[in-house]
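A look at the structure
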Amino acid sequence: MHVAHLSLTNFRNYVRLELDLPACFVVFHGDNAQGKTNLLEAVFYLGTTRSPRASADRELVNWLAQEDDMPFAKVTGKVHRARSSLEVDITLLPRADEDGSGNGTPLAMSKRIRLNGLPKRATDLVGQVNVVMFSPQDIELISGPPHLRRRYLDIMNSQVDSHYLRSLQVYARVLVQRNHLLRQIRDHQARPDQLEFWNQQLVDSGAYIMARRQQTVEELSDLAQGLHPRLTGRQEHLKVSYLSSLMVNGSREENDVALVVGGSSVDSPRILPDAPATSLDLTGIKDAFRARLGQVVEKEVLLGMSVVGPHRDDLQLRADGVDLNVYGSRGQQRTAALSLKLSEAKLMLAETGEQPILLLDDMMSELDGERRGHLLEGLRQNEQVLITTTDLDRYRSDFFADAAIFKVERGQIERAGA
Ligand code: ATP
Ligand code: MG
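Each value, and the rule that gives it
- In this numbering scheme, every chain counts its residues from 1 along its sequence in written order.
- Chain labels run from A onward and ligand labels from 1 onward, assigned in the order the entries are written.
- Predicted model: local features are reported for residues with pLDDT of at least 70 only, side-chain atom pairs are reported and counted for 80 or more only, and whole-chain, interface and lining totals are derived from all residues.
- As a convention, hydrogens and water are excluded, and side-chain values are obtained from all of the structure's heavy atoms.
- Each helix is a run of DSSP H or I of at least 4 residues and each strand a run of E of at least 2, with the numbering of both proceeding from the N terminus.
- For each residue, the accessible area found with a 1.4 Å probe, counting protein chains only, is set against the maximum for its type, and the residue is called buried under 20%, exposed over 50%, and partly exposed in between.
- The contact definition used throughout considers only heavy atoms, calling two residues in contact when any of these lie within 4.5 Å.
- What sets the accessible areas is the Shrake-Rupley method with a 1.4 Å probe; for residues, cover comes only from the shown protein chains.
- The criterion for a residue being near a molecule or strand is simple. One of its heavy atoms has to lie within 4 Å of it.
- What qualifies as a polar contact is a pair of N or O atoms within 3.5 Å, subject to a donor-acceptor requirement within protein and to the restriction that residues adjacent in sequence count only when both atoms come from side chains.
- For this classification, the nonpolar set comprises Ala, Val, Leu, Ile, Met, Phe, Trp, Tyr, Cys and Pro, the charged set comprises Asp, Glu, Lys and Arg, and every other residue, Gly included, is treated as polar.
- Only buried residues count toward a nonpolar core. Its members are Ala, Val, Leu, Ile, Met, Phe, Trp, Tyr and Cys residues joined through side-chain atoms within 4.5 Å.
- Any two strands between which DSSP finds at least two bridges are classified as paired.
- Axes, fitted as lines to C-alpha atoms, cover a helix only where it is in contact. Angles between the N-to-C directions of the axes lie from 0 to 180 degrees.
- We call Phe, Tyr and Trp rings a pair once their centres come within 6.5 Å, taking the six-membered ring for Trp, and we label the pair stacked below 30 degrees between planes, edge-to-face above 60, and tilted otherwise.
- Scored from 0 to 100, pLDDT records how confident the predictor is in each individual residue.

1. Re the overall build of the protein chain
Tallying secondary structure elements over the protein chain gives 10 helices and 15 strands in all. Within the protein chain, buried positions represent 52% of all 418 residues. In the protein chain, the share of contacts with a sequence separation of at least 24, taken over all contacts with a separation of at least 6, comes to 71%. Of the roughly 19500 Å² that the protein chain leaves accessible, carbon and sulfur atoms contribute 49%.

2. Overview of the site of ligand 1
Lining the immediate environment of ligand 1, one finds 16 residues, of which Asn-32, Ala-33, Lys-36, Thr-37 and Val-61 sit closest. In the environment of ligand 1, an oxygen atom lies 3.1 Å from a nitrogen or oxygen atom belonging to the backbone of Gln-34. In the environment of ligand 1, an oxygen atom lies 2.8 Å from a nitrogen or oxygen atom belonging to the side chain of Lys-36. Alone, ligand 1 offers 650 Å² of accessible surface; in the complex the protein occludes 78% of this. Partitioning the shell around ligand 1 into residue classes produces 3 nonpolar, 8 polar and 5 charged.

3. Here we look at the nonpolar core
The biggest cluster of nonpolar side chains holds 62 residues, and the ones touching the most others in it are Phe-289, Leu-317, Leu-360 and Leu-379. With 12 residues, helix α5 (residues 195-232) is the largest single contributor of residues to this core. When neighbours within four sequence positions are excluded, Phe-289 is seen to be in contact with Tyr-171, Leu-202, Val-203, Gly-206, Ala-207, Met-210, Leu-246, Val-308, Gly-309 and Pro-310.

4. Structural notes on the sheet that holds strand β11 (residues 322-323)
With antiparallel pairing, the 3 strands of this open sheet are ordered in space as β9-β10-β11. Single-partner strands in this sheet number two, and they are β9 (238-243) and β11. In this sheet, strand β10 (residues 314-319) lies alongside β9 in antiparallel orientation, the contact comprising 6 bridges. Across the sheet, the residue bridging to Val-240 is Leu-317, located in β10. The strands touched by α5 within the sheet are β9 and β10, with β9 carrying the most contacts at an inclination of about 170°.

5. Describing the pairing of strand β6 (residues 109-115)
The two faces of a sheet get side chains in turn, since along a regular strand they alternate between them. The pairing of strand β5 (residues 85-94) with β6 spans 7 bridges and is antiparallel. In the strand pairing of β6, Asp-89 is matched with Arg-114. As defined by bridge partners, β6 adjoins strand β7 (residues 118-120) across 3 bridges and the pair is classed as antiparallel. Note on β7: the bridge partner recorded for Arg-114 is Pro-119. The antiparallel hairpin formed by β6 and β7 contains 2 residues in its connecting segment, where Asn-116 sits at a positive phi of about 45°.

6. Quick notes on the environment of Gln-66
Along the chain, the position of Gln-66 falls in the loop between α1 (36-48) and β4 (73-80). Accessibility expressed as a relative area gives 25% for Gln-66, which makes it partly exposed. Placed 56 residues apart in sequence, Gln-66 and Asn-10 show a C-alpha to C-alpha distance of 9.0 Å.

7. Side note on the packing of aromatic side chains
Evaluated as defined, the whole model comprises 3 aromatic pairs. A centroid spacing of 4.9 Å and a plane angle of 80° characterise the contact between Phe-197 and Trp-198, whose relative ring orientation is edge-to-face. In this structure Phe-197 comes out as partly exposed when scored by relative accessible area, which is 49%.

8. Things to note about the confidence of the model for the protein chain
Averaged over the protein chain, the pLDDT score is 88; the fraction of residues at 70 or greater is 88%. This stretch, residues 250-277, has a pLDDT under 50; its non-local contacts, to residues over four places away or in other chains, come to 52 contacts.

9. As for the pairing of β5
Of the strand pairs in this sheet, β4 and β5 are connected by 8 bridges, and their pairing is antiparallel. Each residue of the ladder has a partner; that of Lys-74, found in β5, is Thr-91. Connecting β4 to the next strand, β5, in antiparallel fashion are 4 residues.

The structure is reproduced here in structure tokens:
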């Protein structure tokens, strides 16, 4: 698939943009702070209704527009798919205060989504526009904390599986309620048997999330094993595994909790044996989840929070058995992140039958010449690849002979002559 036309209104530093885009390599070049990343962010937003970097949607609304009586931002994309075309339209509008008090957070925004002109929910967008973004921050997927890796899995799975997205929404609500109840039990304001209702809800929504993540991770791992040696030029064996909090000592965070509550510390051996190949089916996960809840109930009441479930799970990447989060060199971490993203693009193609739109933000400066070559070679067969750079000379090679070149300057974009 590819975006054939993009319209932005009050999106970041784009007050107004109308842009036709071809299906090929498209290079956006410009100085720092001109709007290159903002443009890719807009395309990512179309596909996921999420920003890859903003913590709140209001950050996306143009600063000047935020002063308006009715501030809004709008992203519209005409997307061509193999057998159909569609128009996706997302408008951000100020949200009415939920409590009616009139003093909510300034500019809390809500989304209004339209598909071919008809109002839709976020779950209806699933599978319509698929995007994979590559950026220098991807290294944090390997080196950073677990919540980044969970978010990564969530965005990827939510793009292709609407049941996953719904389960995530339910799970988040259940978790808040259950944590509240745990604190009430601790403070003797509620009875432990009241937990059963929430346990059931937690297991029902949570088990699906875990099952789906586990399946995705196994597929990613297979793909990455094939791709990785080509990127590194060495026979480094990359393995991606899902660390489930259902396994005792499975999750890094639960081990942290164990330390907090005075449990014993768990050494993390440098070379880890392969986890036993015990992928459970959905029923197996539900049973294991329920059993774990029984084991940790005292700890949960003591802490006033839920300590097992998909919100505690993690992803582990190992190169030749070494945990890259803990021991990877920067170069190893960067290449592993790249392998993961390339695998994601392949996985999306396999799941949907459509090439996802690839967004490469400022990637080339991060990689040495050889890896750059391997990356670009790997991207050649994709339908549309949007690339940003400050340094156009890097793209004046034969490789980009057919690329469309655009110049980005202060929130305006112009196609450069040949
Ligand atoms: P670099 O090469 O440094 O990565 P870039 O071209 O990718 O630069 P962007 O991240 O796209 O730059 O940001 C362009 C400008 O948009 C920045 O100066 C940023 O401060 C500004 N900006 C960010 N959010 C908003 C907003 N809500 N309203 C207006 N401008 C914004
Ligand atoms: Mg940028």
